[in-house]
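Structure at a glance
Each chain is listed here by its residues.
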Amino acid sequence: MTEYLNQGSKDTRSGFGEALLELGKQNPNVVALCADLTGSLKMDAFAAGFPDRFIQVGIAEANMICIAAGMTIGGKIPFTGTFANFSTGRVYDQIRQSVAYSNKNVKICASHAGLTLGEDGATHQNLEDLGMMKMLPNMTVINPCDFNQTKAATLAIATHPGPVYLRFGRPKWPNFTPPGQPFVIGRAMLLNEGTDVTIFAIGHMVWNALQACKTLEEQGIRAEVINVHTIKPLDEEAILASVTKTGCVVTAEEHMRNGGLGDSIAQLLVRKHPAPVEMVAVNDTFGESGKPEELLKKYGLDVPDIVAAAFRVIARKQ
Amino acid sequence: MLSIQELEKIASQVRRDIIRMVHGASSGHPGGPLGSADLLVALYFKIMKPDPEKFTMDGTAEDLFFLSNGHLSAGWYSVLARYGYFEAGELATFRKMGARLQGHPATAEGLPGIRMSSGSLGQGLSVSIGAALAKKMNHDEHLVYCLMGDGELQEGQNWEALMFAAGKRVDNLVAVVDYNGVQIDGPNDKVLPMGDLQAKFEAFDWHVLTMYGNDMTEVVETLKKAQWFTGQGKPVMILMTTHMGNGVDFMLDNHEWHGVFPNDEQTKEALAQLEETIGDY
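1. A closer look at the interface of chain B and chain A
Between chain B and chain A, the residue contacts involve 29 residues of the former and 23 residues of the latter. Those elements that place two or more of their residues in the side of chain B that touches chain A are α4 (124-137) and α5 (157-167) of chain B. The leading source of residues in the side of chain B that touches chain A is α4(B), at 10 residues. A breakdown of the residues in the side of chain B that touches chain A according to their chemical character gives 13 nonpolar, 12 polar and four charged.

2. Some words on the sheet that holds strand β3 (residues 54-56) of chain A
All names here are of chain A. Strand order in the open sheet formed by seven strands is β3-β2-β4-β5-β7-β6-β12, with mixed pairing between adjacent strands. Since the sheet does not close on itself, it has two edges, and those belong to β3 and β12 (230-232), each with one partner. Averaged over all pairs of adjacent strands, the angle between their axes in this sheet comes to 20 degrees, without regard to strand direction. Across four bridges, the pairing between strand β5 (residues 107-111) and strand β7 (residues 164-167) is parallel. By the bridge assignment, Ala110 is partnered in β7 with Arg167. The sheet contacts of helix α3 (residues 61-71) involve β2 (30-34), β3 and β4 (77-83), and relative to β4 the element is tilted by about 165 degrees.

3. Thoughts on the confidence of the model for chain B
In the predicted model, chain B carries a mean pLDDT of 97, and 100% of its residues have values of at least 70. The ipTM assigned to the predicted complex is 0.98, against a pTM of 0.98.

4. Re the nonpolar core
A:Ile199, A:Ala209, A:Ile306 and A:Ala310 are the most contacted members of the largest nonpolar core, which has 191 residues in total. In terms of residues, this core owes the most to one element, helix α2 (residues 31-48) of chain B, which gives nine residues. Each of domain 1 (10-173) and domain 2 (189-316) of chain A contributes no fewer than three residues to this core. With near-sequence residues (within four places) excluded, A:Ala209 lies in contact with A:Ile199, A:Ala201, A:Val225, A:Ala252 and A:Ile306.

5. Some words on the sheet that holds strand β7 (residues 236-241) of chain B
Residues and elements named next belong to chain B. Pairing in this open sheet of five strands is parallel, and the strands run β1-β2-β3-β7-β6 from one edge to the other. Looking along the sheet, the strands with just one partner apiece sit at the ends: β1 (64-67) and β6 (207-212). In this sheet, neighbouring strand axes are inclined to one another by 20 degrees on average, regardless of whether the strands run parallel or antiparallel. Here β6 pairs with β7 via six bridges, running parallel. Looking across to β7, one finds that Leu209 is bridged to Ile238. Contacting β3 (173-179), β6 and β7, helix α8 (residues 216-229) crosses the sheet at an angle of about 170 degrees to β6.

6. What about the packing of α2(B) against helix α3 (residues 73-83) of chain B?
The relative placement of two packed helices comes down to the angle between their axes together with the axis-to-axis distance. Residues and elements named next belong to chain B. Two elements in contact, α2 and α3, have axes whose closest approach is 9 Å; the angle formed by their N-to-C orientations is 30 degrees. Taken together, the axes of α2 and α3 are roughly parallel relative to one another. Note on packing geometry: the crossing formed by α2 with α3 is right-handed. Of α3, the residues touching α2 (which contributes Pro33, Ser36, Ala37, Leu40, Val41, Tyr44 and Phe45) are Ala74, Gly75, Trp76, Val79 and Tyr83. Grouping the constituent residues of the contact of α2 with α3 by class yields 10 nonpolar, two polar and no charged.

7. Here we look at the environment of A:Ile199
Residues and elements named next belong to chain A. Mapped onto the elements of the fold, Ile199 is located in strand β10 (residues 197-201). Residue classification places Ile199 among the buried positions, given that 33 C-beta atoms sit within 10 Å. The spacing of Ile199 and Val225 is 26 residues in sequence and 4.8 Å in space, taken between C-alpha atoms. Discounting residues that sit within four places of it in the chain, Ile199 has contacts with Ala209, Ala212, Cys213, Ala223, Glu224, Val225, Val250, Ala252, Ile306 and Ala310.

8. What about the packing of α3(A) against α4(B)?
Put simply, α3(A) and α4(B) touch, their axes get as near as 6 Å, and they point 45 degrees apart. In terms of axis orientation, α3(A) runs oblique to α4(B). The way α3(A) lies across α4(B) gives a crossing that is right-handed. Where α3(A) abuts α4(B), its residues A:Asn63, A:Cys66, A:Ile67, A:Ala68, A:Ala69, A:Gly70 and A:Met71 lie against B:Ser126, B:Val127, B:Ser128, B:Ile129, B:Gly130, B:Ala131, B:Leu133 and B:Ala134.

Parameters and conventions
Residues numbered from 1 in each chain as written. Chains lettered and ligands numbered in written order. Predicted model: local features only at pLDDT ≥ 70, side-chain atom pairs only at ≥ 80, totals over all residues. Contact = placed C-beta atoms within 7 Å. Helix = DSSP H or I, 4+ residues; strand = E, 2+ residues; numbered from the N terminus. Nonpolar A, V, L, I, M, F, W, Y, C, P; charged D, E, K, R; others polar. Pairing = 2+ DSSP bridges. Axes fitted to C-alpha atoms, helices over the stretch in contact; angles between N-to-C directions. pLDDT = per-residue confidence, 0-100. Core = buried A, V, L, I, M, F, W, Y, C linked by C-beta atoms within 7 Å. Buried ≥ 20, exposed ≤ 12 C-beta atoms within 10 Å, placed from the backbone. Domains from an automatic or database assignment. Parallel < 35°, antiparallel > 145°, perpendicular 65-115°, else oblique. Left-handed = near helix turned anticlockwise from the far one by under 90°.

See below:
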């Protein structure tokens, strides 16, 4: 299989922070808003570099989202930053009316998504955000896989008109995609070609999918691995082409099964190309405190879980 | 330069429009817009005077208005049409299939004059702050106005926004609270007593003005005063006392007319009390 090397683990939120600083230099209309989590979101460099374009809103996320929406009137490109939990569930109606329905050019940037937030526990481990955001008309939903890709995605959304939800995480995680890569919104990335099963993954789970692919190869299974960094709009063409070839699917995501990537892909396949699907995701339960790797193991998102799902789904092929 | 009397004549036509629109749609909210009609007429025709021909979403180099309590849409649409944003005849499409005049204001249909969807309460003040901040960044000296309901202040987001605007010195913003004292379920004081609103706004460090919002002379004078107080480090709040249903005696101060449309007989009776000035659509 194609080799992917970890260039040194880094947190995806730092990719966001680096790109935001770059955007500050590139585009005077880029502004950033934060709800008292500047350090956690890695927005301090932007705040220090562009104090006149950084707005500290305080612990008031609803206010932040609507201020951002208002700033687009006047040509600003606002990037809001807080945890995924406070970027979505807490402000769903503000996003729905003032951003999505009003079709405003707001970039909602959400860190600390999923179980790998770790020790803070279920109150902060948002596993529903992708579902909430993808249900909103006009909203683009992106979950890049590592530091380099998060940086590229952050740069890309600045020039993409309209509402965007960009999701990333807290822990240091393998950084294996190339620096300075182009990021095309809505185009899935083929990471490894295979013929027996397709593993579609997003976010941190892309690395786990590649590890699972290695294990499968040792056992004679050739898995195709696709990084579906854009959950909406979904790259239907790439997904259907792969499933036509492999005939079965495993999806892997740090999100609820309800409303996540697997749900989107299953919907597509049911409509256009029925095929067996196994979903590696959290199944209708809240998380808890623990180390990221312990949590991924307990909630069935570890590498062996993807391998087992691949064997199950291959067995279901007719 | 329009005289007070001319502004009053426009407001009378706007009130007729509101009754006819809500009657024509067999749905909508007549009470609130009747109460705030004088404010909206004064704002557009005397104070802001934007150029409807040059409407852009960005609203650069002009004063902006945001309606936070979107259920006052009938009144706003009428003022926008009478001011020249679109033909008055389009008011007949209010709340109907395919209309640009949605039940609550929407940007999705491309109606000129509208820059933000509203209806879900409590968001307009924050949006106005955002637009005001963008104006400051763009060195645009124009002001941002926002109309909110009094019952709407029960939404907590408003208090986030009130704290922010004062704390961050957003002094190119004039917010107006339509203090008619009633909301859908009854008088504010029965639903959720809000206490001394003026003292609360002052405690939040806003510059607070009060006015009676159903007297055109007072409305124009207070808005001019509000303009004068901008640019001095504090956001400006106008606590505007109005009568819900103003202009139609059987709707006056009656919360039951918040979201109920008049039947044929009631419409006739209401229109008989409101002078047709510019001409019905």
